Amino acid sequence: LGRPGSAAFDLYDLERIEVLRGPQGTLYGRNVTGGVINIYTKQPAKTFEAKAGATLGNYDLSVLRGYVSGPLSDAVRGKLSVSRTDHGGYAHNVDNGQELDDAHNFSARGQLVMDVSEATSLTLSGDLSRDRTNGDCRYTTYLDASIGGQAFNGANIPMMLAARTQEGITGPRECGQSWTQFANRDNSGVSLRVVHDAGWAELTSITAYRRNEFEWRQELGGMDAPPSLFKVPDNEGEHSWQATQEFRLSKGTEHLNWVVGAFGFRENVDRFARVPQIFSPTSPVNPGVALNRLWKQGSTNTSYAAFGQATWEFLPRVSLTLGGRYTKDDKEIDQYYWQNNVVVYDLKNIDKTWSRFTGRASLDWRITDRVMAYATYSEGYKSGVFISQSTLPIPAQTALAPEDARNVEVGLRSEWFGGRARLNVTAYD
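Residues numbered from 1 in each chain as written. Predicted model: local features only at pLDDT ≥ 70, side-chain atom pairs only at ≥ 80, totals over all residues. Heavy atoms only, no water.

**Here we look at the overall build of the chain**
When its secondary structure is counted, the chain shows two helices and 25 strands. A principal-axis box enclosing the C-alpha atoms of the chain has dimensions of 75 × 50 × 50 Å. In the chain, which comprises 429 residues, the proportion classed as buried is 40%. As displayed, the chain has an accessible area near 22700 Å², and 57% of this comes from carbon and sulfur atoms. Side-chain charges of the chain comprise 45 positive and 49 negative groups, with the mean position of each set lying 3 Å from the other. (Helix = DSSP H or I, 4+ residues; strand = E, 2+ residues; numbered from the N terminus. Buried < 20%, exposed > 50% of the residue type's maximum accessible area, 1.4 Å probe, protein only. Areas by Shrake-Rupley, 256 points an atom, 1.4 Å probe, with all protein chains shown as cover. Lys, Arg positive; Asp, Glu negative; His and termini not counted. Charge placed at Lys NZ, Arg CZ, Asp CG, Glu CD.)

Structure, rendered in structure tokens:
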């Protein structure tokens, strides 16, 4: 999932979730300096099964979930999972009565598994998710005039406290602005996994395509100005799509397990941000000033990688793992910024390329069936990035440097008393 906004679906009917400490710079995903969260959905069942559930709660909470799974023919199995979550707002706009911090989500996922032959299987998956909410309540609360280091050196705190009282805000879950907010998001995706056992190795191909549309409008300051010192009616959105392709060859034997592969990623993102800033006549900074601001950004991100890893048990109960990944990333963007009827910059075809080799080496000794000691060195990398909402042309066309991570750790994994006690110890830098 290349965009943070695309990770908005109900994780229902899962087989398991794996959380792997990073860096994971050899096998998983695109390129990361951190760890990996692997989410495994349940595969379609070989015999018919179905499940449904409902949850009701306060704030008008209702959660409806269900799935049906089973064989469609001797060679085809299918599954359909759906869920719907609704609840009223946890916060309230005292000006127009709108409920905020609410939720209205519908998610669905379908899967088909086809046994083409004894050696080949196909898994076709599709999912969609739809959110229609009123967004956040950006209330101003817990202001304390005795605390230093506040905005405007604390000069705004008594004024903001007075503005809250004037607006009729009495609680921490209240805000007050005259306009109506929204936050809408639509995600969908499809993937095809092909697995073929050639005898000498297993070939896996994963082809995927995703779309994401996300737009919101909300008041960042929580109040109108006046009575507040400033007003920031934020309206932003993005439309994106991504396509990925991965090929893997792998083989496992008694003393040697290996995998080699190639990965490709292509993403297109179009973003906009209308973020006017309106200062009250009583504001200690920029009194009575209105800044009308608009950013637009179009970006195309491309990433390619080749990777491999092998684990060899070269002595009884002692294994060595070596892995590496070469990654090349290219980002091309268009940047546009407009302020108060003046185009500050209009930049086209800004391009930047990065590449890295990241490696992994690990030695583990299974002292007994329930005790293992290990030592690991691993590397991770994340490509550079362009700032999307700069007010100056030089920063807008200057890429931030990539992130690089190096990790050294030793540890012990053990179970005692027939598995009734577990002791895990890790030291890392």
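**Some thoughts on the packing of aromatic side chains**
Here a ring pair, both rings aromatic, is described through the centre-centre distance and the interplanar angle of the planes. Counted by the stated rule, this structure contains eight aromatic pairs. Taking the centre distance of 4.7 Å and the plane angle of 20 degrees together, the rings of W295 and Y337 count as stacked. Separated by 42 residues along the polypeptide, W295 in strand 18 (residues 293-315) and Y337 in strand 19 (residues 318-339) bring together distant segments of the chain. For the pair W295 and Y337, a shared accessibility class is recorded, and that class is buried. Within the aromatic cluster, the residues linked to one another by ring pairs are W295, Y337 and Y345. Sitting above the plane of the F214 ring, R185 keeps its charged end 4.4 Å from the centroid. (Phe/Tyr/Trp six-rings, centres within 6.5 Å; stacked < 30°, edge-to-face > 60°. Lys NZ or Arg CZ within 6 Å of the ring centre and 35° of its normal.)

**A few points about the sheet that holds strand 16 (residues 277-279)**
Read from one edge of the open sheet, three strands run 13-16-17, paired in antiparallel fashion. Looking along the sheet, the strands with just one partner apiece sit at the ends: strand 13 (230-231) and strand 17 (290-291). Pairing analysis gives two bridges linking strand 16 to strand 17, with the strands arranged antiparallel. Paired with I278 across the strands is A290, a residue of strand 17. (Pairing = 2+ DSSP bridges.)

**Notes on the environment of R274**
Its place among the elements puts R274 in strand 15 (residues 256-274). Considered as a pair, R274 and W338 are 64 residues apart in the sequence and their alpha carbons are 9.6 Å apart. Sequence-distant contacts of R274, defined by excluding residues within four places in its chain, comprise P233, D234, N235, R293 and L294. (Contact = heavy atoms within 4.5 Å.)

**Focus on the state of the cysteines**
This model, assessed by the stated rule, comprises one disulfide. Between the sulfur atoms of C137 and its disulfide mate C175 the distance is 2.5 Å. Of the two residues, C137 is situated in the loop between strand 9 (120-133) and helix 1 (156-167) and C175 in strand 10 (residues 174-175); the sequence distance between them amounts to 38 residues. A relative accessible area of 0% means that C175 is categorised as buried. (Disulfide = S-S within 2.5 Å.)

**Things to note about the nonpolar core**
Ranked by size, the top nonpolar core spans eleven residues in total: V232, A273, V275, W295, I333, Y337, Y345, L347, I350, F386 and A396. Elements represented by at least two residues in this core include exactly strand 19 and strand 20 (342-368). Non-local contacts of Y345, meaning those with residues more than four positions away in its chain, are made with W295, Q335, Y336, Y337, S390, T391, L392, P393 and A396. Within the second largest apolar cluster, five residues are counted, among which are M160, A163, I169 and L229. (Core = buried A, V, L, I, M, F, W, Y, C linked by side-chain atoms within 4.5 Å.)

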